[in-house]
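# A look at the structure
The lines below spell out each chain.
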Amino acid sequence: MTDLEQRAINTIRFLSIDAIQKANSGHPGLPMGAAPMAYVLWKEFLKHNPKNPVWPDRDRFVLSGGHGSMLLYSLLHLTGYDDMTLEQIKSFRQYGSITPGHPESHMTPGVEATTGPLGQGISNSVGMAIAERFLAHTFNRDNFRIVDHYTYALVSDGDLMEGVASEAASLAGHLKLGKLIVLYDDNKISLAAPTSVTFTEDVKGRFRSYGWQVLSVEDGNTDLEAIRKVLKEATTDTGHPTLIAVRTTIGYGSPNKANTSGVHGSPLGPDEVKATRENLRWPLEPEFYISDDVLEHYRSAVEAGKEWEEDWNHQFGEYKKKYPDLAKIWDMVWAKQLPEEWVKTLPVYAESDGAQPTRKVSGAVINAAVKVIPNLIGGSADLAPSTNTYMKDIDEQQSATPGGRNIRFGVREHAMGAAVNGMAYHGGVIPFGGTFLTFSDYMRGSVRISALASLHTIWVYTHDSVWLGEDGPTHQSVEHIAALRAIPNLVVIRPADANETVEAWKIALTHTDGPVALILSRQSLPIIDRNRYAKAENLAKGAYVLSDPDDGKPDVILIASGSEVSLAMEGKKLLDQRRIKARIVSMPSWELFELQPQKYRDEVLPPLIKARVAIEAGVGMGWHKYAGDKGRIISHERFGVSAPYKVLLEKFGFTAQRVADEAEKAIEDSS
Ligand SMILES: Cc1ncc(C[n+]2csc(CCOP(=O)(O)OP(=O)(O)O)c2C)c(N)n1
Ligand SMILES: [Mg+2]
């Protein structure tokens, strides 16, 4: 390695060391050990434009071991990303900086994915590679390579220990994602101990069995030529994803802490910083030192990036002339727009269509939407027939049919979550993933990040309550809706009937700055007569008055979501007989309701009307907010039971009689 290369690598190490020391917190081990491979990748392979971090045809780089964030921030600064100033590096982990403890994509230009929860980043990268291949197949023509980039992930031991990574790697191997390249920081140390006490399997053999090409670098600390060589090999498309196991030393250069867990997640401390500087022959001061020649060396990325993008723009200009229709679609999908008139293709239901499960209606909406929305892509975790997520007459996403939009994620909920996020990070597609609501737990780690990172992902959760019946309590959701509502920035929608389901999908497809979870029934729900009752379009407001007494002065308000709205309507009939005036509020989405002005919310739930009954087939947690002090909640607080659902309705007290009785009690309590 040349002297300049050595100093360029050490610059990453010491920017990281100094920032972590200044913050008095952070993880120096990974940046110090992985600096050589990151250097070679970013300097010689990565196609990116620092002056336009969102250029669509850039290579994607995911730092899956997000704890090593200073590695990424150093690279962004050195290669010339405008926002990543030295001041930001000096403000590492501080309030208001764009250099948070772990990388957050919505905050920092150049950060492709929000990582830190181990296993997510590598699994995101699988989704990115799917999106790349799908878009390449969809848009590339003749010699025009509008989409032609690699997805790189840098992963740590912890990443590969996590189950989600195994699911995702298995999927990637099956799909033969040849442009996915994973660099494994094989340092044999994790947070608490050497991996000899936890993680002794044959990782390379495992990836080979998944169908990956597996390459190795024996000395990732000093042998740049070997890193170069394997990266060259990896970027020769073999039709298989590539794992490169790079043997490194965590905390390389620290005389007393290298190769120990001690350097994983704590600042080196002043004495060890000094010893490391001396050991690597680095100036003792100043801190955050970057020599002019090293900066110039890295900043060639600016000129290279400019040229890449200019070439691409030129190519796209020609493409636009030859394929104006495709170019128009390209512009549309990257502007996150939908084709004009798309709404008109969606189904509309009349009461006479008969009761329908909302999952089935959802399937009809997906099938209508996919015909006009060219970048709608997704599938389920081996539950296509149950979740109604399969798109008829549309290819499957398989290696032989890379333009397919039906993705079979297999029984891999967590990887589905992370891969769907990866597609959303990539951009150009609208991805969705479906499973039973109860198994949302299996993918919760990814759903949470979709909300944190404000991704346009759509989660399709069916079989939404104990009313799924015979499959029993392992499959019956009880706490899941509440658990999803607890995630900030996740819009949860539980439509009451077919037309609300269509409206819910409209929100899901247009709400581009965060995820939407659709909560759908297994069982048939009556279709509400919209000539008689309020329009389903009101779903967009989260809650609305579905039916009201003629004088607009209800004695009691029945508030319900999903399948319980029709139950509330049954209850109202009994109340009518008892000469009690009830308002019915359909409340499919708390989050959308909270976005409405106070005035509207007070119109729907007038503060002076305290007699309220909230009804939902799940835990009542949170419903007090809308039921109020005097209100009552008909909920289900225990695990369910395996039985036909109509039996369960009786046994669990979800009857019109109970609704009417609780309404009377609420009136008594509040008078
Ligand atoms: C899902 C998850 N569990 C636990 C952690 C806490 N954690 C951060 S890094 C780490 C392991 C570190 O080992 P490794 O991945 O090998 O990274 P290295 O120490 O080599 O940098 C753990 C357990 C986490 N970030 N994410
Ligand atoms: Mg490690």
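You'll find the structure just up there.
Residues numbered from 1 in each chain as written. Chains lettered and ligands numbered in written order. Predicted model: local features only at pLDDT ≥ 70, side-chain atom pairs only at ≥ 80, totals over all residues. Heavy atoms only, no water.

### A short note on the nonpolar core
Core analysis: the largest hydrophobic core is formed by 74 residues, its most contacted members being Phe-207, Trp-212, Tyr-319, Met-423, Tyr-461, Leu-484 and Leu-490. Of all the elements, helix 5 (residues 120–139) adds the most residues to this core, at 10 residues. Formed by 52 residues, the second largest nonpolar core is a distinct cluster that contains Ala-34, Met-70, Leu-76 and Val-230. (Core = buried A, V, L, I, M, F, W, Y, C linked by side-chain atoms within 4.5 Å. Buried < 20%, exposed > 50% of the residue type's maximum accessible area, 1.4 Å probe, protein only. Helix = DSSP H or I, 4+ residues; strand = E, 2+ residues; numbered from the N terminus.)

### Describing empty space enclosed by the protein
In the structure shown here, the tally under the stated rule is 4 cavities of 30 Å³ or more. The calculated volume of the largest cavity comes to roughly 50 Å³. Together, Trp-42, Leu-46, His-48, Arg-58, Asp-59, Phe-61, Tyr-81, Gly-110 and Glu-112 line the largest cavity. The class makeup of the residues in the lining of the largest cavity is 4 nonpolar, 2 polar and 3 charged. Forming the boundary of the second largest cavity are Phe-134, Leu-135, Thr-138, Phe-139, Ile-329, Val-333, Pro-374, Asn-375 and Gly-428. Looking at the lining of the second largest cavity, the elements with two or more residues in it are helix 5 and helix 12 (324–334). (1 Å grid on protein atoms, 1.4 Å probe; cavity = no way out; pocket = protein on both sides within 12 Å on 5 of 7 lines; lining within 4 Å. Points joined across faces, edges and corners; volume = space filled by probe spheres on them. Nonpolar A, V, L, I, M, F, W, Y, C, P; charged D, E, K, R; others polar.)

### So, the site of ligand 1
Not every one of the 15 residues close to ligand 1 is listed here, only the nearest: His-67, Ser-156, Gly-158, Asn-187 and His-264. Between ligand 1 and the protein, one listed contact pairs a nitrogen atom with a backbone N or O atom of Leu-118 at 3.0 Å. The backbone of Gly-158 places a nitrogen or oxygen atom 2.7 Å from an oxygen atom of ligand 1. A total of 580 Å² of accessible area belongs to ligand 1 in isolation, and the protein chains cover 75% of it. Partitioning the shell around ligand 1 into residue classes produces 6 nonpolar, 7 polar and 2 charged. (Near = heavy atom within 4 Å. Polar contact = N/O pair within 3.5 Å; in protein donor to acceptor, adjacent residues only side chain to side chain. Areas by Shrake-Rupley, 256 points an atom, 1.4 Å probe, with all protein chains shown as cover.)

### Notes on the packing of helix 11 (residues 292–322) against helix 12
Orientation of helix 11 relative to helix 12, taken along the N-to-C sense of each, is 125°, at an axis distance of 6 Å. Taken together, the axes of helix 11 and helix 12 lie oblique to each other. Counted together, Trp-312, Phe-316, Tyr-319, Lys-320, Lys-321 and Lys-322 of helix 11 and Pro-324, Leu-326, Ala-327, Trp-330 and Asp-331 of helix 12 form the full contact between these two elements. Partitioning the contact of helix 11 with helix 12 into residue classes produces 7 nonpolar, no polar and 4 charged. (Axes fitted to C-alpha atoms, helices over the stretch in contact; angles between N-to-C directions. Parallel < 35°, antiparallel > 145°, perpendicular 65-115°, else oblique. Contact = heavy atoms within 4.5 Å.)

### Structural notes on the sheet that holds strand 2 (residues 151–155)
Read across the sheet, 5 strands follow the order 1-2-3-5-4 without closing on themselves; strand pairing throughout is parallel. Both outer strands of the open sheet, strand 1 (60–63) and strand 4 (213–217), are each paired with one neighbouring strand and no more. Each strand axis lies, on average, 15° off the axis of its neighbour in the sheet, ignoring direction. As paired strands, strand 3 (residues 180–186) and strand 5 (residues 242–247) are joined by 6 bridges and run parallel to one another. Opposite Ile-181, over in strand 5, you have Thr-242 as the bridge partner. Along the sheet face, helix 5 touches strand 1, strand 2 and strand 3 and points at about 170° away from the line of strand 2. (Pairing = 2+ DSSP bridges.)

### Digging into the coordination of the magnesium ion (ligand 2)
Distances from the magnesium ion (ligand 2) to its protein donors, Asp-157 (OD), Asn-187 (OD1) and Ile-189 (O), fall at 2.1 Å. In primary-sequence terms, the residues that donate to the magnesium ion (ligand 2) follow D-x29-N-x1-I. Placement of Asp-157 in helix 6 (residues 157–161) and of Ile-189 in the loop between strand 3 and helix 8 (203–209) is noted, with a sequence separation of 32 residues between them. Both residues of the pair, Asp-157 and Ile-189, count as buried. (Donors = N, O, S within 2.8 Å, 3.2 Å for Na, K, Ca; no water.)

### Notes on the packing of aromatic side chains
All chains considered together, the criterion is met by 27 aromatic pairs. Judged by centre distance (6.1 Å) and plane angle (90°), the rings of Phe-144 and Tyr-323 are edge-to-face. Of this pair, Phe-144 sits in the loop between helix 5 and strand 2 while Tyr-323 sits in the loop between helix 11 and helix 12, placing them 179 residues apart in sequence. For the pair formed by Phe-144 and Tyr-323, the shared burial category is buried. Ring geometry for Trp-467 versus Phe-654: centroids 5.1 Å apart, planes at 75°, classification edge-to-face. One end of the pair, Trp-467, is in the loop between strand 10 (458–462) and helix 17 (480–485); the other, Phe-654, is in the loop between helix 23 (645–651) and helix 24 (656–670), and 187 residues separate them in sequence. The same class applies to Trp-467 as to Phe-654, namely buried. Site record: aromatic cluster; members linked through ring pairs are Phe-139, Phe-144, Trp-312, Phe-316, Tyr-319, Tyr-323, Trp-330 and Trp-334. (Phe/Tyr/Trp six-rings, centres within 6.5 Å; stacked < 30°, edge-to-face > 60°.)

### Some remarks on the sheet that holds strand 9 (residues 430–436)
Here we have 6 strands laid out as an open sheet, ordered 8-7-9-10-12-11, and parallel in their pairing. Each end of this open sheet is capped by a strand with a single partner; those strands are strand 8 (406–408) and strand 11 (491–493). With strand direction ignored, the average angle separating the axes of adjacent strands in the sheet is 20°. Across 5 bridges, strand 7 (residues 376–380) lies against strand 9 in parallel orientation. Of the residues in strand 9, the one forming a bridge with Gly-378 is Phe-432.

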